[in-house]
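For reference, the chains in residue letters:
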Amino acid sequence: MKRTPSGTRPRGHIVLIVGGDSEARSTLATLLASAGFGVLESADGPESLKAARAARPDVILLDLSRPDIGFEDARRLRSDRETRHIPLIGLPDRQVDAEVLFERLSAVLSRTDRRHTA
């Protein structure tokens, strides 16, 4: 699991990026970190479950460009008692529109924040 440069948990929301190639994850991580998110990266497969358990992120961005792997990761994360509550946002292709991504993150995280304060 790769952490943001500081290596510590930032005050903001934590996003775990799962799957895709390392270059795509790194580009997305840079975009999110520049917007103030704490970012962690994980390859797909069993490593994604280990990363989610260890990091307890606020949301997981899941690469669905290869649906067979992406949906298996989603199933694995949803089946685990420790990670099933973490919201998943599927990314259907490698081209991510930053504005749309930030809107989706904002919507998901605002719902999550309301649940924690209620």
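Each remark here, short or long, concerns the structure printed above.
Now for a description of the structure that goes with this document. (Residues numbered from 1 in each chain as written. Predicted model: local features only at pLDDT ≥ 70, side-chain atom pairs only at ≥ 80, totals over all residues. Heavy atoms only, no water.)

### Some points on the pairing of strand β2 (residues 14–18)
Inclusion rule: Residue exposure (1.4 Å probe, protein chains only): buried if accessible area is under 20% of the type maximum, exposed if over 50%, otherwise partly exposed. Per the convention used, a helix needs a DSSP run of H or I reaching at least four residues, while a strand needs a run of E reaching at least two, with both numbered from the N terminus. Only strands joined by at least two bridges in the DSSP assignment are considered to pair. We call a crossover right-handed when, viewed with the strands running away from us, the connection from the first strand over the helix to the second turns clockwise.
Counting buried positions over the five residues of β2 gives five, a clear majority of the element. Alternating residues of β2 divide into Ile14, Leu16 and Val18 and Val15 and Ile17, and every residue in both groups is buried. Where β2 lies against strand β3 (residues 38–42), five bridges are found, and the strand directions are parallel. Its bridge partner being in β3, Val15 is matched across the sheet by Val39. Chirality of the crossover, the property in question, places the unit of β2, helix α1 (residues 22–34) and β3 among those that are right-handed. The sheet contact formed by β2 and strand β4 (residues 59–63) spans four bridges and is parallel.

### Quick word on helix α2 (residues 46–55)
Note the cut-off: The arc refers to the directions leading from the helix axis to the C-beta atoms. Any two residues whose heavy atoms approach within 4.5 Å are treated as being in contact.
Buried within α2 we find Ser48, Leu49, Ala51, Ala52 and Ala55. Buried residues in α2, looked at end-on, bunch into an arc of 165°, giving them a common side. When the buried face of α2 is taken as reference, the exposed residues oriented beyond 90 degrees from it are Pro46, Lys50 and Ala54. For α2, the secondary structure elements touched by its buried residues are β2, β3, β4 and α3 (67–79). Remark: Arg56 follows α2 within two positions and exhibits a positive phi of approximately 50°.

### Focus: the packing of aromatic side chains
What counts here: Aromatic pairs are defined between Phe, Tyr and Trp rings, using the six-membered ring for Trp, whenever the two ring centres lie within 6.5 Å; interplanar angles under 30 degrees are classed as stacked, those over 60 as edge-to-face, and all others as tilted.
Overall, the coordinates contain one aromatic pair when judged by the stated rule. Ring geometry for Phe37 against Phe102: centres 6.2 Å apart, planes inclined by 0°, an arrangement best described as stacked. Of this pair, Phe37 sits in the loop between α1 and β3 while Phe102 sits in helix α4 (residues 98–117), and the two are 65 residues apart along the sequence. For Phe37, a relative accessible area of 16% translates into the label buried.

### Section: the side chain of Ser48
Its place among the elements puts Ser48 in helix α2. Ser48 gets classed as buried once you look at its relative accessible area, which sits at 0%. Excluding residues that lie within four positions of it along the chain, Ser48 makes contacts with Leu16, Val18, Ser42, Ala43, Asp73, Arg76 and Leu77.

### With respect to the pairing of β4
Across a regular strand the side chains alternate sides, sitting on one face of the sheet and then on the other. Of all five residues in β4, five are buried, a share of seventy percent or more. Examined bridge by bridge, β4 and strand β5 (residues 88–91) share four bridges and lie parallel to one another. The partner of Asp63 across the bridge, within β5, is Leu91. In this fold, β4 hands off to α3, which returns the chain to β5; that crossover is right-handed.

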